[in-house]
Amino acid sequence: GFGCMRLPTIEDKGKVRVDDEISVPLLHRAYELGINYFDTAWTYCGEDGERAVGHALKPFRDKVYISTKLPMWYVKKPEDFWFYLEAQMKRLDSSYIDFYHFHSVNKEFWKTINDLKLIEAAQKAKQQGMIRHICLSYHDKPELLEEIIRTQAFETVLCQYNLLNLINEEVMGFAKKSGMGVFVMGPLAGGNISLANSSFLEKF
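These numbers were taken from a predicted model, which means no experiment stands behind them.

Visitor: Looking at this model, I keep getting lost on the pairing of strand β3 (residues 15-18). Mind explaining?
Guide: Each regular strand displays side chains that alternate between the two surfaces of the sheet. Here strand β2 (residues 9-12) runs beside β3; their pairing, made up of 4 bridges, is antiparallel. Residue pairing for β3: T9 is matched across the bridge by V18. Between the end of β2 and the start of β3, which pair antiparallel, lie 2 residues, with K13 showing a positive phi angle near 55°.

Right, here's the structure in full:
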């Protein structure tokens, strides 16, 4: 897996955009080394991340899995689901998205998902071939995630897990037992575990 939240960027005419000269070879090299899952989102890299990932992976689109996310903080009505999904497919220059996440789900966004019947919308999008898997990325207490898993509405979950943060360990096991795929975000704790001057590494 390759998290594309922090691709190299440059400032162009007052806006941040992905530096394709560095990022495209980077993503190509990742693919050559066997990485086949690339994760991006609407807001990443000055909202240019999806375009950059789609552009870089276009030559081998059928050999990789692309993950992106519905920006839940912008979703106010049912029609917003379709607006963002179609816009993201265009940004990615792809006729489908492999893993489509409800982004940063917490108690508030879980209520939005249910109130606006967004799971039903995602199921329809899957039936139409626009997405392959219905997923969520999660940022809240493990107890709520367990409740969400029990609905059996999602195929995978993306959550925090690293040596500094083991809070989701038990619920990740529950997800697996429930037949869900589990993706990890922040495996190096935002770089803190891998930094040369990491206080954690010194203690370890």
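Visitor: In this structure, what is going on with unusual backbone geometry? I would like to understand it.
Guide: A negative phi angle is the norm for most residues apart from glycine, just as the trans form is the norm for most peptide bonds. Residue D93 is not a glycine yet carries a positive backbone phi of 55°. Mapped onto the fold, D93 is located in the loop between α4 (78-92) and β6 (97-105).

Visitor: It is not clear to me how the side chain of D39 should be interpreted in this structure. Could you clarify?
Guide: Locating D39 in the fold gives a position in strand β4 (residues 37-39). Here the side chain of D39 touches S67 through a polar contact of 2.6 Å, side chain to side chain.

Visitor: Which parts of the structure should I look at to understand the packing of aromatic side chains?
Guide: Tallied over the entire structure, the rule returns 16 aromatic pairs. Where W42 meets Y84, the ring centres are 4.9 Å apart and the plane angle is 85°; that geometry is what we call edge-to-face. With W42 in the loop between β4 and α2 (44-47) and Y84 in helix α4, this pair connects stretches of sequence that are 42 residues apart. Judged by its relative accessible area of 10%, W42 is buried. The class for Y84 is buried, based on a relative accessible area of 10%. With a centroid separation of 5.1 Å and an interplanar angle of 85°, the aromatic rings of F81 and W82 are classed as edge-to-face. Overall, F81 belongs to the buried group, its relative accessible area being 0%. The exposure class of W82 is partly exposed, given its relative accessible area of 21%. Members of the aromatic cluster, connected to one another through ring pairs, are W42, W73, Y74, F83, Y84 and F109. Sitting over the ring of Y96, R61 keeps its end group 4.2 Å from the ring centre.

Rules used in this analysis
- Residues numbered from 1 in each chain as written.
- Predicted model: local features only at pLDDT ≥ 70, side-chain atom pairs only at ≥ 80, totals over all residues.
- Heavy atoms only, no water.
- Pairing = 2+ DSSP bridges.
- Helix = DSSP H or I, 4+ residues; strand = E, 2+ residues; numbered from the N terminus.
- Polar contact = N/O pair within 3.5 Å; in protein donor to acceptor, adjacent residues only side chain to side chain.
- Phe/Tyr/Trp six-rings, centres within 6.5 Å; stacked < 30°, edge-to-face > 60°.
- Buried < 20%, exposed > 50% of the residue type's maximum accessible area, 1.4 Å probe, protein only.
- Lys NZ or Arg CZ within 6 Å of the ring centre and 35° of its normal.

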